[in-house]
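# Residue-level structure breakdown
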Amino acid sequence: MTILDTIVQGVLLGGLYALFAAGLSLVFGIMRLVNLAHGDLIVLAAFLILVLVNGLGLNPFLAVLIVMPLMFIAGYALQAVLLNRTLGKDVLPPLLVTFGLSIVLQNALLEGFSADSRRISAGALETASINLGAVTIGLMPLMAFLSAVAVIVGLNLLIYRTALGRAFRATSDDPVTAGLMGIRPRQVFAVATGLAMAVVAIAALYLGTRANFDPTAGPARLIYAFEAVIIGGLGSLWGTLAGGVILGVAQTLGAAVNPEWQILSGHLAFLAVLLIRPRGLFPRAVD
Amino acid sequence: MTALLETKGLKAFYGDFQALFGVDITVAEGETIAIIGANGAGKTTLMRALSGVLTNAPDSVFCRGEAVGALAAPDILARGIAMVSEGRRLFPSLTVEENLMIGAYGKRRGAWTLATVYDLFPILKERRANPATALSGGQQQMVAIGRALMANPDVLLCDEISLGLAPVVVRDIYAAFPRIRESGAAIVIVEQDIGQALKVANRVYCMMEGRITLSGRPEALSRAAIHAAYFGAQSHDHS
């Protein structure tokens, strides 16, 4: 395996991590809420896709189109019913509640689907690849990366070009004054979490087709997502993609040296960025 | 005739501290009201109660006869009451134009659009793409007023719009008021600048320590009466 190939695989893996992280970044950017159940929600969405694929024989790409609106509704309800009540001056309640939610989700999934590790089958696509001489690009990793770019372009258009996006930014700046503009912050937050969960459904598709997953797979995905967000700088979606890519490349480079070093070298890259740029590579100018 | 906006015996508390002790004001269609008073008189508290920022006076605030004292700010805005907050409170993440556009989030239709606001404050059109907080204080105040107008309000509440601005800038801003009045909106201004307030208002309320101490038409009020109502200094003569 050439070094170029290793780096390309790392960049594509970074796309997957950016998909894990985009929803986390969106929610944090708008309401300063850290959702510790984010990884478990990705796993939940992966099981939903799995049920549709195995139960109804649907194509996984069709299944994700059904799971996206379901996850949007689940996210909206979660924020409206539960998480809005935890928001306030104190940062602890949302952490405690989402930590609890994470445990509840893991155990519910364990109850429903057992501890067996599962995989979403994407048929011939799984092994399809594009051969470019020294570099071979798998079609699924490429699609994951392109999906990440599409998600980030889409979210940025939403945030910077639409009335809803202006409401997101205004509410993030000053919820009281946003209320005077006719914006209902709690409703805006619910829509944001709904959107984050729709992105989670896309992430779940690539999580489930790339490797095995089981009900306890969430926390590790949360850590990758966190690291991507923090490397990139809080509140910047393109930064999150860059963070995912740095994490992915560090992991594949580490694995190329010694397969046991994959996860470790990702964490080391994260620590190195924290040491040099504590606010991340592309922190938002206004904070 | 029911008033457009009215308070009856309005009381307000911050914890144990009582800020308003039974305030009665009325605002009729198209009227310009000035509320004057020293720091801590309760003027801003009154504005917060009128705009839905404070929502704990269910039986004391009325809009066209409907009790609205418990409604949140978006519901108050939907009834045509918009506020220019003290300190302007522009959104730093948004450009000048985005700040104006977000004023129309509630989608009330009327004469005020981006075009008519730019016509009222031409400098804002030049600076439309700048972050709102990159503007001078006076220009920021114009954005704040324009943003509230974008909601096409029936009542425009203006809290301390001259605070911290040079007199010449204040004059420029007040020069826009006749055109705002022509659009049909009633205006309630809270001011410490008594001269400016008396010039634009049809009626004046003077507040002190959470109470209305004087009210009437500006031309009917003597300087001595205003002075006494403002400072509460009528008979502190110990000589």
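These numbers come from a predicted model, not from an experiment. (Residues numbered from 1 in each chain as written. Chains lettered and ligands numbered in written order. Predicted model: local features only at pLDDT ≥ 70, side-chain atom pairs only at ≥ 80, totals over all residues.)

### What about the overall build of chain A?
- From N to C terminus, chain A includes 11 helices and 2 strands.
- Starting at the N terminus and walking to the C terminus, you meet the elements of chain A as α-α-α-α-β-β-α-α-α-α-α-α-α.
- Its C-alpha atoms give chain A principal-axis dimensions of about 60 × 45 × 35 Å. (Helix = DSSP H or I, 4+ residues; strand = E, 2+ residues; numbered from the N terminus.)

### Overview of the confidence of the model for chain B
Residues and elements named next belong to chain B.
- When the pLDDT values of chain B are averaged, the result is 91; 97% of them are 70 or greater.
- When the criterion is pLDDT under 50, residues 235–239 qualifies, and its contacts beyond four places in sequence or with other chains add up to 0 contacts.
- Reported confidence for the predicted complex is 0.90 by ipTM and 0.90 by pTM. (pLDDT = per-residue confidence, 0-100. Contact = placed C-beta atoms within 7 Å.)

### As for the packing of helix H10 (residues 237–257) of chain A against helix H11 (residues 262–276) of chain A
All names here are of chain A.
- Interaxial distance between H10 and H11 falls to 7 Å at its minimum, and their mutual angle equals 135 degrees. In terms of their interaxial angle, H10 and H11 are classed as oblique. The chirality of how H10 crosses H11 is right-handed. Between H10, through Ile-246, Leu-247, Ala-250, Gln-251, Leu-253, Gly-254 and Ala-255, and H11, the contact on the second element is made entirely by Gln-262, Ile-263, Leu-264, Ser-265, Gly-266, Ala-269 and Phe-270. (Axes fitted to C-alpha atoms, helices over the stretch in contact; angles between N-to-C directions. Parallel < 35°, antiparallel > 145°, perpendicular 65-115°, else oblique. Left-handed = near helix turned anticlockwise from the far one by under 90°.)

### Considering the packing of helix H2 (residues 38–56) of chain A against helix H9 (residues 218–232) of chain A
Residue and element names in this part refer to chain A.
- Look at H2 against H9: their axes get within 7 Å of each other, and the N-to-C directions meet at 120 degrees. When the axis of H2 is compared with that of H9, the two are oblique. Taken as a pair, H2 and H9 cross one another with a handedness that is right-handed. Note on element contacts: H9 touches H2 through Gly-218, Pro-219, Ala-220, Arg-221, Leu-222 and Ala-225, opposite His-38, Gly-39, Asp-40, Ile-42 and Val-43.

### Looking at the interface of chain B and chain A
- Facing 21 residues of chain B, the contacting portion of chain A comprises 17 residues.
- The set of elements that each furnish at least two residues to the side of chain B that touches chain A consists of helix H2 (73–78) and helix H3 (96–103) of chain B.
- Along the lines of polarity and charge, the residues of the side of chain B that touches chain A split into 14 nonpolar, 5 polar and 2 charged. (Nonpolar A, V, L, I, M, F, W, Y, C, P; charged D, E, K, R; others polar.)

### Details of H2(A)
Residue and element names in this part refer to chain A.
- Between its first and last C-alpha, H2 extends 27 Å over 19 residues, near the 27 Å set by a 1.5 Å rise per residue.
- Of all 19 residues making up H2, 15 are buried, and the element is well covered by its neighbours.
- Of the residues trailing H2, Gly-57 is marked for its positive phi of about 70 degrees. (Expected span 1.5 Å × (residues − 1). Buried ≥ 20, exposed ≤ 12 C-beta atoms within 10 Å, placed from the backbone.)

### Looking at the nonpolar core
- Counting residues in each nonpolar core, the largest one holds 173 residues, and the members touching the most others are A:Leu19, A:Ala45, A:Ala46, A:Ile49, A:Val200, A:Ala201 and B:Leu157.
- Sorting elements by how many residues they give to this core places helix H8 (residues 185–210) of chain A first, with 17 residues.
- In this structure B:Leu157 touches B:Met47, B:Leu50, B:Ser51, B:Ile81, B:Ala82, B:Met83, B:Val84 and B:Val188, once residues within four positions along its chain are discounted. (Core = buried A, V, L, I, M, F, W, Y, C linked by C-beta atoms within 7 Å.)

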